[in-house]
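Inside the fold
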Amino acid sequence: MDISLAPSLSGKPRIGLFGGTFDPPHVGHLVTAVNVMSALRLDLVILMVANVPWQKEHSRIITPAADRLAMVQAAVATVPGLLAGGWEIEHGGPSFTADTLTALHDEYLDGEFFTIVGDDAASGLTTWERYEDVVRLSQVVVVDRPGAPVALSKDIAWVRVEVPRLEVSSTDLRSRFTDGRPLDYLVTQPVLDVISQRSLYGATLKVNS
Ligand code: ATP
Ligand code: MG
């Protein structure tokens, strides 16, 4: 696991796992990650890039995993405590949080784990592969996204964290590329640079300097 880059973890590390497709990563992800990290005094939050997002793979074309990882690496590069996770991509196949948490537990035998999800993802958590393992191996942290409240399973002891609710989604951002509407302030500049360099989402290559 690429968490060896976690610098000075001593004692019982508190580790957040924030999984997603990140197609592309946006300020909603970053604001959520840093606010949960602060609220729960986590040592780090790993933005784990799904290899094959099993819930989405049949509904649309997903940007290649390596490009999504490059965008997440760019997004977190200057943010203390946030890490880009490449383990699910290295592991290959469909990405199941239960497997990722098991691998993290093997790496950090004394760690405490927090699985972070938006409420849309939380509402489907009991359909996740071996979700019982997710609940056993971590505390599940849920943040609200804008919109109507979502019904959550009463069987799970959710930890709720209030973060600024930003009405930003990767789906909207992808359609902004298609329509030519601006992405400024919704996606950070380092991510926009990767998108441009790799010509993702039909972006035409802009030459910087
Ligand atoms: P898509 O529209 O393609 O589904 P997304 O914006 O929902 O993209 P994902 O990669 O699917 O992003 O989400 C990863 C995780 O981040 C999920 O738990 C999701 O609920 C959460 N998340 C995404 N956007 C926000 C946001 N604006 N605020 C809080 N959580 C968010
Ligand atoms: Mg989503």
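The present account deals with the structure reproduced in this document. (Residues numbered from 1 in each chain as written. Chains lettered and ligands numbered in written order. Predicted model: local features only at pLDDT ≥ 70, side-chain atom pairs only at ≥ 80, totals over all residues. Heavy atoms only, no water.)

This part covers the sheet that holds strand β5 (residues 139-143). Working definition: the strands of a sheet are paired by backbone hydrogen bonds and lie parallel or antiparallel to each other. In space, the 6 strands of this open sheet follow the order β3-β2-β1-β4-β5-β6, with parallel pairing throughout. Every other strand in the sheet has two partners, leaving β3 (82-85) and β6 (159-160) as the edge strands with one partner each. Looking at chain direction, strand β1 (residues 14-20) and strand β4 (residues 112-118) are connected through 5 bridges and run parallel. By the bridge assignment, L17 is partnered in β4 with T115. (Pairing = 2+ DSSP bridges. Helix = DSSP H or I, 4+ residues; strand = E, 2+ residues; numbered from the N terminus.)

Within the structure, ligand 1 sits among 23 residues, and H26, K56, D120, S170 and T171 are positioned closest to it. Between ligand 1 and the protein, one listed contact pairs a nitrogen atom with a backbone N or O atom of L166 at 3.0 Å. A distance of 2.8 Å separates an oxygen atom of ligand 1 from a polar atom in the backbone of S170. Compared with its free state, where it exposes 590 Å², ligand 1 has 92% of that area covered by protein. Residue assignment for the shell around ligand 1 shows that the elements contributing at least two residues are β1, α1 (27-39), β4, α5 (119-122) and α7 (170-179). (Near = heavy atom within 4 Å. Polar contact = N/O pair within 3.5 Å; in protein donor to acceptor, adjacent residues only side chain to side chain. Areas by Shrake-Rupley, 256 points an atom, 1.4 Å probe, with all protein chains shown as cover.)

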